[in-house]
Amino acid sequence: MKLWLDGALRDLESARVSAFDHGLTVGDGIFETVKAVDGRPFALTRHLDRLTRSARGLGLPDPDHDEVRRACAAVLEANPMPLGRLRITYTGGHGPLGSDRGDRGPTLLVALGETTRRADSTAVVTVPWTRNERGALTGLKTTSYAENVVALARAHQHGATEALFGNTVERLCEGTGSNVFVVLDGEIHTPPLASGCLAGITRALTIEWTGAKETDLPLDVLSRAEEVFLTSTLRDIQAVHRVDDRELPGAPGPVTAKAMRIFDEHATHRLDP
């Protein structure tokens, strides 16, 4: 396995990040996960644009898109696999043991891990913790991911693969690493960005390609939605067959199944939509 660290390909065993890197000490970093099929990244331009938005939100220097593209290409070429999780991590770099940043510049790390296609449907749980729709990190894809780790562990304890959050005003928000969609009266709806959810790449493509509506939704919409599905880079569109103790038999339902077909058709023919 080879990865890219600060300007060059390195062996996994020799790649080292400083123990004083701000991404490690205080979670001062951002990242993107990109799907790679047979060595080709999907929607890379959109992911790089979001990486820059996240960097600006944290006050980090804009990442050099050309360098990141070179890094991605090098890592993909060095590690051939049919389906991969390409991870781009960009941190505040070497810094003091506190919240102040250092002056040595950011760290760029690109790595690749093999993955498998997701199941057509899955189970989710809701969790008692909330997303802060008005927080400093709202809408940014940062490495400060501990609350997602805690929530996802809870989901696994209940036989699910994802946990869903409401926000501070009890509106439906998002999953730990996914966006959530519901079907009401045959129409597809998803929470707006104002709910505090991440502007998911797959979310945006699903809205564009299916005509889904951004709608302010109460958290209890999950108890009455006709269908529920998740979107994310590695899930694409994945139906939900259980929310907490509520079963949704027949998942994927007809609306979700159509959305899955539409997404697959577009994604197959458009590598960088």
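Each value, and the rule that gives it
- Residues numbered from 1 in each chain as written.
- Predicted model: local features only at pLDDT ≥ 70, side-chain atom pairs only at ≥ 80, totals over all residues.
- Heavy atoms only, no water.
- Helix = DSSP H or I, 4+ residues; strand = E, 2+ residues; numbered from the N terminus.
- Rg over C-alpha atoms; globule rule 2.2 N^0.38 Å.
- Buried < 20%, exposed > 50% of the residue type's maximum accessible area, 1.4 Å probe, protein only.
- Contact = heavy atoms within 4.5 Å.
- Areas by Shrake-Rupley, 256 points an atom, 1.4 Å probe, with all protein chains shown as cover.
- Lys, Arg positive; Asp, Glu negative; His and termini not counted.
- Charge placed at Lys NZ, Arg CZ, Asp CG, Glu CD.
- Core = buried A, V, L, I, M, F, W, Y, C linked by side-chain atoms within 4.5 Å.
- 1 Å grid on protein atoms, 1.4 Å probe; cavity = no way out; pocket = protein on both sides within 12 Å on 5 of 7 lines; lining within 4 Å.
- Points joined across faces, edges and corners; volume = space filled by probe spheres on them.
- Nonpolar A, V, L, I, M, F, W, Y, C, P; charged D, E, K, R; others polar.
- Salt bridge = Lys/Arg side-chain N within 4 Å of Asp/Glu carboxyl O.

Moving on, we come to the overall build of the protein. Secondary structure assignment for the protein yields six helices and 15 strands. Against the globule reference of 19 Å for 273 residues, the protein gives a C-alpha radius of gyration of 19 Å, in line with a compact fold. With 273 residues in all, the protein has 49% of them scored as buried. Sequence separation of 24 or more characterises 69% of the internal contacts of the protein that already satisfy a separation of 6 or more. Just so you have it, the protein exposes about 12800 Å², and 51% of that area is on carbon and sulfur atoms. The centroid of the 31 positive side-chain charges in the protein is displaced by 1 Å from the centroid of its 37 negative side-chain charges.

This part takes up the nonpolar core. Across soluble globular proteins, nonpolar side chains have a tendency to be buried as a group. Counting 24 residues, the largest nonpolar core has Trp4, Cys72, Leu86, Ile88, Leu108 and Val110 as its most contacted members. Counting residues per element, the ones that place at least two in this core are strand S3 (29-37), helix H2 (44-58), helix H3 (65-78), strand S5 (83-91) and strand S6 (107-114). If one sorts the elements of this core by residue count, H3 sits on top with six residues. Not counting chain neighbours up to four residues away, the residues in contact with Val110 comprise Leu3, Trp4, Ala71, Cys72, Val75, Leu86, Arg87 and Ile88. By size, the runner-up hydrophobic cluster in this structure holds 17 residues, among which are Val183, Ile188, Ile201 and Ile237.

Put simply, the largest pocket is a space of about 1100 Å³. Elements with a minimum of two residues in the lining of the largest pocket: S3, S5, strand S7 (121-131), helix H4 (146-157), strand S9 (172-175), helix H5 (201-210) and strand S13 (227-232). By residue number, the principal contributor to the lining of the largest pocket is H4, which donates four residues. Of the residues assigned to the lining of the largest pocket, the class counts are 10 nonpolar, 24 polar and 12 charged. In this model, the second largest pocket occupies a volume close to 350 Å³. As for the second largest pocket, its lining consists of 18 residues, and the residues nearest its centre are Lys35, Val37, Asp236, Ala267 and Thr268. Looking at the lining of the second largest pocket, the elements that each hand over two or more residues are S3 and helix H6 (254-269). Among the elements that make up the lining of the second largest pocket, the one with the highest residue count is H6 (five residues).

On to the pattern of salt bridges, then. Considering all chains together, one arrives at 12 salt bridges under this definition. A salt bridge links Lys213 to Glu187; the shortest N-O distance between them is 3.1 Å. Taken together, the positions of Lys213 in strand S12 (residues 213-214) and Glu187 in strand S11 (residues 187-190) put the pair 26 residues apart, joining distant regions of the chain. Classification of Lys213 by relative accessible area gives partly exposed; the value is 40%.

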